[in-house]
Amino acid sequence: MKISVIGTGYVGTVSAACFADLGHEVICVDIDKSKIDLINTGIPPIYEEGLAELLKKYAGKRLSATLDYDFAVKNTEISFICVGTPSDPGGNIDLGIVKAASANLGDSLGKKKDYHVVVVKSTVVPETTEKVVLPIIEGHSGKHIGKFGIAMNPEFLREGKAVHDFLHPDKIVVGSIDKRSGDMVASLYSGLECEVTRTNLRTAEMIKYVNNAFLATKISFSNEIGNICKKLGIDTYEVMKAVGRDFRIGPHFLNSGAGFGGSCFPKDVRALIGKARETGYEPQLLNSVLEVNEEQPYRMVSLLKDKLGSIKGKKIAVLGLAFKNDTDDIRESRSIPVIKELLDNEANVSAYDPMANGNMKKLFNIKYHDSAIDALRGADACLIMTEWDEFKSLDKEFDIMGRKLVIDGRHMLAPGKDVEYIGLCW
Ligand code: NAD
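Residues numbered from 1 in each chain as written. Predicted model: local features only at pLDDT ≥ 70, side-chain atom pairs only at ≥ 80, totals over all residues. Heavy atoms only, no water.

(A) The arrangement of a nonpolar patch on the surface in detail. Taken together, the side chains of Ile228, Leu232 and Ile234 present a nonpolar region at the surface, about 280 Å² in accessible area. Counting through the fold element by element, isoleucine 234 comes out in the loop between helix 9 (201-232) and helix 10 (236-243). For isoleucine 234, a relative accessible area of 36% corresponds to the partly exposed category. (Patch = residues over 30% accessible without salt bridge, like charges linked within 9 Å, V, L, I, M, F, W, Y side chains within 5 Å. Areas by Shrake-Rupley, 256 points an atom, 1.4 Å probe, with all protein chains shown as cover. Salt bridge = Lys/Arg side-chain N within 4 Å of Asp/Glu carboxyl O. Helix = DSSP H or I, 4+ residues; strand = E, 2+ residues; numbered from the N terminus. Buried < 20%, exposed > 50% of the residue type's maximum accessible area, 1.4 Å probe, protein only.)

The structure is reproduced here in structure tokens:
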């Protein structure tokens, strides 16, 4: 099938490349010309394992990119909206970009005769597709629903494993306004071994939020238990390993540490809280999930101060800047509040991340290094903020520190290293 993908960020670029891999012809649209140029030369605008290979294989063949909505809509049968849905200053979902993309799509659809389906892949709160996107497209195209189709197909990929997750999904959800739109979207995935769950539009939107809110809740629950275990001198990892053997609980997302970040969990939990409040319901549990998460990074700095007293003028190495391993994404990374707190306390921060130094440079004017050992040189302490594999094997590298104090926010170091080791929750 011929597909256009609107927005070439993490979700858009990965979806486009993977749809091409499934045999579809794909045209990407973005407002950022530099991303368009990169994709057309086969270079991904973001880092994801396996993405460069796919773009190299399909760019200029069945994958192209353009700034021109009219061209993309005219030459495809189905358009996926994959633009960002950030939080507004009050924490509610900001639909400004989705509205702009919908208006552009509507304008282009107005110039097209053939049937076309618009699919919302961006994470949007329930009712958005039906009550926001649909009326904008109708208004801008001058067409009524039926002359075009509309569907909602949430994305569940994990950054860092996005290509793998897209091609090996454990669920595909297609919500649609009618059978025709839903059938067209579901058929795109026929090359994958995964059952397609068919729903209405608002149910599909809700499934995405519940998925993320539940995972975020598991993490904050584990962090709260970890904080209690720490006070009692109990290893929370030993506790959760046993608890996770219960088939009703499962072993995943029980790792306590510095909390969750990224472009999805924090903003999606906030957006769900905002939507719940709109209905007159105050979601106490979801509020607490965020509160626990906000506190965790500051616990790292408290532990540091417990050991060093004042950190003014002290050299603190921060290992890991990305919100998780295998990505260069720093959005809502837990290292951001930690670095801010260190700077507010007038510490000298020396940072290292295998991929995210460049992105963090846009936020903080601190010392960035190309290796852990360079960041550690002469440091009074080290904070481990991201679960990069390479941090697990750090050992002799710590010898270069002024004081070998390591505060581990991700349960990275095995016992027995010759350092003064403090686990955040263990
Ligand atoms: P992103 O910010 O990385 O990318 C969005 C892209 O849209 C950018 O390239 C931007 O230039 C482009 N854009 C902005 N306005 C546009 C317009 N009017 N027309 C065309 N393009 C425009 O976002 P992302 O991380 O890919 O997330 C996109 C959506 O998918 C969000 O709703 C997010 O919540 C959801 N999601 C993200 C992930 C993830 O891991 N990143 C996973 C699942 C779902």
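Still more to cover.
(B) Seen up close, the site of the ligand. Around the ligand, the surrounding shell holds 26 residues, and the nearest of these are Asp30, Lys35, Tyr69, Thr85 and Lys267. Note that an oxygen atom of the ligand is positioned 2.6 Å from one of the side-chain N or O atoms of aspartate 30. Take threonine 123: an N or O atom from its main chain is 2.9 Å from an oxygen atom of the ligand. Isolated, the ligand exposes 830 Å² of accessible area, and the fraction of that covered by the protein chains is 90%. For the shell around the ligand, the per-class residue count stands at 11 nonpolar, 8 polar and 7 charged. (Near = heavy atom within 4 Å. Polar contact = N/O pair within 3.5 Å; in protein donor to acceptor, adjacent residues only side chain to side chain. Nonpolar A, V, L, I, M, F, W, Y, C, P; charged D, E, K, R; others polar.)

(C) Layout of unusual backbone geometry. Non-glycine residue phenylalanine 253 carries a positive phi angle of around 60°. Take phenylalanine 253: it is sitting in the loop between helix 10 and helix 11 (265-278). Owing to a relative accessible area of 34%, phenylalanine 253 belongs among the partly exposed residues under this scheme. The backbone of aspartate 326 shows a phi angle near 65°, a positive value even though the residue is not glycine. Along the chain, aspartate 326 falls in the loop between strand 9 (315-319) and helix 13 (335-344). Among the residues examined, aspartate 326 registers a relative accessible area of 24% and is labelled partly exposed.

(D) Examining empty space enclosed by the protein more closely. This model, assessed by the stated rule, comprises 1 cavity of 30 Å³ or more. The volume enclosed by the largest cavity comes to roughly 40 Å³. Together, Asp395, Lys396, Phe398, Asp399, Lys404, Asp418 and Val419 line the largest cavity. Considered class by class, the residues forming the lining of the largest cavity number 2 nonpolar, no polar and 5 charged. (1 Å grid on protein atoms, 1.4 Å probe; cavity = no way out; pocket = protein on both sides within 12 Å on 5 of 7 lines; lining within 4 Å. Points joined across faces, edges and corners; volume = space filled by probe spheres on them.)

(E) Highlighting the side chain of lysine 218. With respect to the helices and strands, the residue lysine 218 is situated in helix 9. No salt bridge is formed by the buried lysine 218; the nearest opposite charge belongs to aspartate 246, separated by 10 Å. Sequence-distant contacts of lysine 218, defined by excluding residues within four places in its chain, comprise Ile249, Gly250, His252, Phe253 and Leu254. (Lys, Arg positive; Asp, Glu negative; His and termini not counted. Contact = heavy atoms within 4.5 Å.)

(F) How the structure looks around the pairing of strand 4 (residues 78-81). Residues Ile78 and Phe80 point to one face of strand 4 and Ser79 and Ile81 to the other, with burial holding for every one of them. Both strand 1 (residues 2-6) and strand 4 contribute to a ladder of 4 bridges, which runs parallel. Bridge pairing links isoleucine 6 to isoleucine 81 in strand 4. Relative to strand 5 (residues 117-120), strand 4 runs parallel, the two being bridged by 4 bridges. Bridging from a neighbouring strand, serine 79 pairs with valine 118 of strand 5. (Pairing = 2+ DSSP bridges.)

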